[in-house]
Amino acid sequence: MKVVAVLYKAGQAAKDQPRLLGCVENELGLRQWLEGQGHTFVVTDSKEGADSVLDRELVDAEVIITTPFHPGYISRERIARAKNLKLLVTAGVGSDHIDLTAANERKITVAEVTGSNVVSVAEHVVMTILTLVRNFVPAHEQVMAGGWDVADVAKDSYDVEGKVVATIGVGRIGQRVLRRLKAFDPAEMLYYDYQALPADVEAELGARRVESLDDMLAKADIVTVNCPLHESTRGLIDKKLLAKFKKGAWLVNTARGAICVEDDVAAALADGTLRGYGGDVWFPQPAPADHPWRTMRNRFGAGNAMTPHISGTSIDAQVRYAEGTKAIIASYLAGDKSYRPQDLIVIDGHYATRAYGSDKK
Ligand code: NAI
């Protein structure tokens, strides 16, 4: 069996940190295990263009491993050329870089390591909210540059306490964000989701469901996006929806870049519709050098808390999603469908019903 993995290149960082498992050099820790069973394992970061290693190797691959961090985009066209393909594993959470309809038509199984990095992302969301609300970035840049101007930063620095917080999506990550933010005594915590939280979770969090997204956005000082990218969330946050936001809100998106329209977000930041925007997800990835989110600013020349796609790939998370990837391949090899049900995205030509993420960890 041939397994192909598309991971990012780490260079010296892979030597500095052997537990940086999600990179080309450290190979999710899978080589010995796979080769010991007689399988072929190809690992590459080359994923774009017809000459990419991914394009060359997928032709006879049975299993392809990709990640959301350096996504090998598994398009319908690539699936058509991967004649032996049976299993697509996302080492992480979020399989929107795969054409799931095309996978279903071929009865290819798509699985991801559900829950593996949800704490990591929730912590990043809380950090980004604080970074924006406290106006941390310009303060830090000021001292690094040898300056000292308290007023210039304090003029747009606030407390999270007393603000209205809202999440679009309240699954595993959304709930963890709310649980952590509760400690900051916000005025109110609201959520918008197809599914209501169980009553005990809602009571514990002190969160309230809002049926209309527009109503929620009109009230919220801080909005965090925690829903998957799918056909009804692609481009959801565009100029029209941004006009419904409370003026001067902070928006944090660690879900997927394509949920927001990039130029509309940059324009909203510049004209004061948004006071700040932060997150770690972009489209495409790696983000081009001229992506507007790299340099966008608010009227004070601040309000940008973007990072590369790092929130779900802390060292702790990498250990978990590497183990989870191995477990998924082991289930595939066993041929006994012993997958964790919550890991399955599509199987046997159908979308799997994922276990609802209301666990309280
Ligand atoms: P989950 O499946 O536990 O929760 C997703 C929630 O979003 C569910 O409650 C679902 O009902 C809700 N939802 C779906 N469509 C919606 C819509 N149109 N409006 C409102 N709510 C909607 O997923 P989890 O683990 O919380 O992850 C959420 C997303 O976060 C992933 O799909 C992925 O895109 C992203 N993610 C990002 C990471 C990063 O490193 N930046 C790492 C892990 C996940």
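Predicted model only: the values in this text are computed from it and were never measured. (Residues numbered from 1 in each chain as written. Predicted model: local features only at pLDDT ≥ 70, side-chain atom pairs only at ≥ 80, totals over all residues. Heavy atoms only, no water.)

Colleague: Explain the side chain of Thr-254 to me, using residue names and the numbers behind them.
Modeller: Checked against the element boundaries, Thr-254 lands in the loop between strand E10 (249-253) and helix H13 (262-270). For Thr-254, the residues in contact, after removing those within four places along its chain, are Val-121, His-124, Val-125, Val-225, Asn-226, Gly-279, Asp-280, Val-281 and Ser-311. (Helix = DSSP H or I, 4+ residues; strand = E, 2+ residues; numbered from the N terminus. Contact = heavy atoms within 4.5 Å.)

Colleague: Could you give me a rundown of unusual backbone geometry, with the residues and numbers involved?
Modeller: With an omega of -10°, the peptide bond between Phe-283 and Pro-284 qualifies as cis. The residue Pro-284 is located in the loop between strand E11 (274-279) and helix H14 (292-295) in this model. The omega torsion of the bond from Gln-285 to Pro-286 falls at -5°, within 30 degrees of zero and hence cis. Tracing the backbone shows Pro-286 in the loop between E11 and H14. For Leu-28, which is not glycine, the phi torsion reads 55° and is therefore positive. Note on placement: Leu-28 falls in the loop between helix H1 (12-16) and helix H2 (31-35). The backbone phi angle of Asn-135 is positive, close to 65°, even though this residue is not glycine.

Colleague: Can you explain the environment of Ala-111? Please cite residues and give values.
Modeller: With respect to the secondary-structure elements, Ala-111 resides in strand E5 (residues 109-112). Along the backbone, Ala-111 and Asp-156 are 45 residues apart, and their C-alpha atoms lie at a distance of 44 Å. When sequence neighbours within four positions are dropped, the list of residues in contact with Ala-111 reads Leu-88, Val-89, Thr-90, Ile-328, Asp-343, Leu-344 and Ile-345.

Colleague: Break down the pattern of salt bridges for me, citing the residues and quoting the values.
Modeller: Side chains bearing opposite charge may pair, as long as their charged atoms lie close to each other. Applying the stated criterion across every chain, the model contains 22 salt bridges. A salt bridge links Lys-2 to Glu-57, with the shortest nitrogen-to-oxygen separation between them at 2.4 Å. Separated by 55 residues along the polypeptide, Lys-2 in strand E1 (residues 2-6) and Glu-57 in helix H3 (residues 53-57) bring together distant segments of the chain. When sorted by exposure, Lys-2 lands in the same class as Glu-57, which is buried. Residue Arg-81 is joined to Asp-55 by a salt bridge in which the shortest nitrogen-to-oxygen separation is 2.2 Å. Taken together, the residues Arg-81 in helix H4 (residues 76-81) and Asp-55 in helix H3 connect sequence positions 26 residues apart. Overlapping salt bridges, with partners in common, bring together Lys-2, Arg-56, Glu-57 and Asp-60 in one network. (Salt bridge = Lys/Arg side-chain N within 4 Å of Asp/Glu carboxyl O. Buried < 20%, exposed > 50% of the residue type's maximum accessible area, 1.4 Å probe, protein only.)

Geometric values such as these leave the question of function open.
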